[in-house]
Amino acid sequence: MGANMAESGETYKIKTATGTESLIVMVLAVIVVADLVRRAYATDEGLLFYAAILVLIYCLVLTVLAIVRVFKKPGELLITRHSLSLYGRTLEASQIEEIMVNGFSRRLIGIKPKGRRLVPLALGFRFVEDANEAFKDLEQWATANQITMTEKKFFKWI
């Protein structure tokens, strides 16, 4: 991190952590639930049919959201001395419980705010450009602000 980071900060391009794997799972869920709807309709199972329709609508909405996130333009992560800003949200170091890293070659990063059990979807991302330099800057920032960085899988939630 540069010496002038306290004033201006360092900016890196990022993309949301929702990836093609999530999209594939959602498409498979839609296919399975659509088959359940078809079977319930064919056997005249009224309650099961309506319950399956509701689940199918839910899965379709989540699939559309996943598609939008996959094709969304990259955002920016701004690292300043005591805060991180991404997707229009600024988190002070005192608001962050831990930073989780999932993967080695294509690292997914999740920022877990204090008081939350899961990483909010908007706080999960990966670096698009200069990933190694950006990751090193984030590590230095976490160390300077006494925030734990752990390598483990994390769940993201809306």
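Treat the numbers as computed from the prediction; the structure is a model and nothing was measured. (Residues numbered from 1 in each chain as written. Predicted model: local features only at pLDDT ≥ 70, side-chain atom pairs only at ≥ 80, totals over all residues. Heavy atoms only, no water.)

J.: Break down the overall build of the protein chain for me, with residues and values.
T.: The helix and strand inventory of the protein chain stands at 3 helices and 10 strands. Going from the N terminus to the C terminus, the protein chain shows its helices and strands as β-α-α-β-β-β-β-β-β-β-α-β-β. Expressed as a percentage of its 158 residues, the buried residues of the protein chain come to 38%. In the protein chain, of all internal contacts separated by at least 6 residues, the share reaching a separation of at least 24 is 63%. Here the protein chain displays about 9900 Å² of accessible surface, and carbon together with sulfur accounts for 59% of that area. (Helix = DSSP H or I, 4+ residues; strand = E, 2+ residues; numbered from the N terminus. Buried < 20%, exposed > 50% of the residue type's maximum accessible area, 1.4 Å probe, protein only. Contact = heavy atoms within 4.5 Å. Areas by Shrake-Rupley, 256 points an atom, 1.4 Å probe, with all protein chains shown as cover.)

J.: Give me the lowdown on the packing of aromatic side chains, citing residues and values where you can.
T.: Counted by the stated rule, this structure contains 4 aromatic pairs. Here the aromatic rings of Phe125 and Phe127 are separated by 5.5 Å at their centres, their planes lie at 80 degrees, and the arrangement is edge-to-face. Both residues of the pair, Phe125 and Phe127, count as buried. Put simply, the rings of Tyr12, Phe125 and Phe127 pair up and form one aromatic cluster. (Phe/Tyr/Trp six-rings, centres within 6.5 Å; stacked < 30°, edge-to-face > 60°.)

J.: Describe the UniProt feature "transmembrane region" (unreviewed entry) in the protein chain, and please don't skip the residues or the numbers.
T.: In the numbering used here, UniProt assigns the "transmembrane region" (unreviewed entry) feature to residues 23-41 and 47-71. When the span residues 47-71 is considered, its composition is 100% helix and 0% strand, and the gap between its end C-alpha atoms is 37 Å. (UniProt positions renumbered as here; feature names shortened; annotations may be inferred.)

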